Amino acid sequence: MGLLDAILGRSKPVRPDLDQLFAVPSAALTLQAATGFTPTGRGSVCFAGVEGGGFARLQEDVRELLDADTERGGIPVEFSRDAYGYTWLLATHPADDTAGLVNDLHAVNTMLQDGGFGPHLLCSLIGFRDAEGRALALVYLYKRGTFYPFAPLPGDAEKRDNQLELQVRGALGDDLRVEKDLSRWFPVWGGPGL
């Protein structure tokens, strides 16, 4: 950052650090001890869709990589598109294999980034549930390199459990790089894996 940038109040954008995803398995243990939420084994990557043969080939490469274990009982990945036009890739593992799930999500993010589609990556999420059936997601913001909790309230209304989100932030502050700017804690209503 140069002097002119400092004077004008501009800052360098935060570089994504995909290796932050590898902190999730240990954070999941902390989360379970502090709140009772356990991993569901479901996680997803959200990205803005891109037209063209290069992106279609990359999407097929991702599918081939993650579906390599389907003959041994692995669950195939699913692609879907949400109401806003974003593409979601859903990966599913046994609930006790958070490390395997994180490896898959990291691989997808890395393949898209290395394929030149990093600017289209939005977020990744890892799903959790508690004994009461409440849902929680740890959301990784690709462009910020940070996490935040997202806790939708049960039911059809799009409302959040802000108290739970703040409780999770406090519990995981030492385990994950939590997004400090609460205005960036975007809702991911209906996100696959939630």
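Everything below is about the structure printed above this text.
Each chain has its residues counted from 1, running along the sequence as written. A pLDDT threshold of at least 70 governs which residues receive local features in this predicted model, and a stricter bar of 80 or more applies before side-chain atom pairs are shown or counted, although totals over entire chains, interfaces and linings include all residues. To obtain the side-chain values, all non-hydrogen atoms of the structure were used and water was disregarded.

A. Seen up close, the overall build of the protein. Secondary structure elements are defined from DSSP: runs of H or I of at least 4 residues count as helices, runs of E of at least 2 residues count as strands, and each element is numbered from the N terminus. Summing up its helical and strand segments, the protein has five helices and six strands in all. Taken from the N to the C terminus, the helices and strands of the protein come in the order α-α-β-α-β-β-α-β-β-β-α. Each of the 194 residues in the protein was classed as buried or not, and the buried ones make up 42%. Within the protein, counting contacts between residues at least 6 apart in sequence, those at least 24 apart form 65% of the total. Only protein chains enter the calculation, and the probe is 1.4 Å; a residue is then buried if its accessible area is under 20% of its type maximum, exposed if over 50%, and partly exposed in between. Every residue pair with non-hydrogen atoms within 4.5 Å of one another is taken to be in contact.

B. Local environment of helix α3 (residues 53-66). Expected span of a helix, by definition, is 1.5 Å for each gap between consecutive residues, and there is one gap fewer than residues. Between its terminal C-alpha atoms α3 stretches 20 Å, which fits the 20 Å expected from 14 residues at 1.5 Å a residue. Those residues of α3 that fall on the buried side of the exposure criterion are Phe55, Leu58, Val62 and Leu66. Taken down its axis, α3 places every buried residue within 65 degrees of arc, on the same side. Away from its buried face by more than 90 degrees, α3 exposes Arg57 and Glu64. Contact partners of the buried residues in α3: β1 (38-48), β2 (78-81), β3 (86-92) and α4 (98-117). Comment: arc refers to directions from the helix axis out to C-beta atoms.

C. Geometry of the side chain of aspartate 130. If you trace the backbone, aspartate 130 turns up in the loop between β4 (121-129) and β5 (135-141). The definition of a polar contact used here is a pair of N or O atoms within 3.5 Å, where within protein one atom must be able to donate a hydrogen and the other to accept one, and adjacent residues in sequence count solely through side-chain atom pairs. Here arginine 134 takes part through its side chain, which lies 2.7 Å from a polar atom of the side chain of aspartate 130. Excluding its chain neighbours within four sequence positions, the residues that come into contact with aspartate 130 are Gly36 and Phe37.

D. Representation of the packing of aromatic side chains within the structure. Pairing of aromatic side chains here covers Phe, Tyr and the six-membered ring of Trp, requires ring centres within 6.5 Å, and sorts the geometry by plane angle: under 30 degrees stacked, over 60 edge-to-face, intermediate tilted. Tallied over the full model, the rule gives three aromatic pairs. Here tyrosine 148 and tryptophan 185 contribute two aromatic rings whose centre-to-centre distance is 6.0 Å and whose plane-to-plane angle is 15 degrees, an arrangement assigned as stacked. Here the residue tyrosine 148 occupies a position in strand β6 (residues 146-150), and tryptophan 185 occupies one in the segment after α5 (162-172), the gap between them amounting to 37 residues. The two residues tyrosine 148 and tryptophan 185 agree in class, both being buried. Ring plane angle 75 degrees and centroid distance 5.1 Å describe the contact between phenylalanine 150 and tryptophan 189, whose orientation is recorded as edge-to-face. With phenylalanine 150 in strand β6 and tryptophan 189 in the segment after α5, this pair connects stretches of sequence that are 39 residues apart. Judged by relative accessible area, tryptophan 189 falls into the partly exposed class, the value being 27%.

E. Structural context of the packing of α3 against α4. Only C-alpha atoms enter the line fits that serve as axes; for helices the fit covers just the stretch in contact. Angles between N-to-C directions range over 0 to 180 degrees. Their axes nearest at 10 Å, the elements α3 and α4 cross at an angle of 160 degrees. On the basis of their axis angle, the class for α3 and α4 is roughly antiparallel. Relative to α4, the crossing made by α3 is right-handed. Facing Gly54, Phe55, Leu58, Asp61, Val62, Leu65 and Leu66 of α3, the residues of α4 in contact are Asp104, Ala107, Val108, Met111, Leu112, Gly115 and Phe117. Three classes are used: nonpolar for Ala, Val, Leu, Ile, Met, Phe, Trp, Tyr, Cys and Pro, charged for Asp, Glu, Lys and Arg, and polar for all others, with Gly counted as polar. Taken together, the residues of the contact of α3 with α4 sort by class into ten nonpolar, two polar and two charged. Orientation is classified from the angle alone, with under 35 degrees giving roughly parallel, over 145 giving roughly antiparallel, 65 to 115 giving roughly perpendicular, and any other angle giving oblique. Crossing handedness: left-handed means the near helix sits turned counterclockwise from the far one by under a right angle, and right-handed means the same turn made clockwise.

F. Spatial organisation of helix α2 (residues 24-35). For α2, with twelve residues, the first-to-last C-alpha span of 15 Å sits near the 16 Å given by 1.5 Å per residue. Those residues of α2 that fall on the buried side of the exposure criterion are Val24, Ala27, Ala28, Leu31 and Thr35. All buried residues of α2 fall inside an arc of 110 degrees around its axis, so they share one side. Every exposed residue of α2 that faces more than 90 degrees away from the buried side is listed here: Leu29 and Ala33. Along its buried surface, α2 packs onto β1, α4, β4, β5, β6 and α5. Positive backbone phi, approximately 85 degrees, marks glycine 36, located one or two places after α2.

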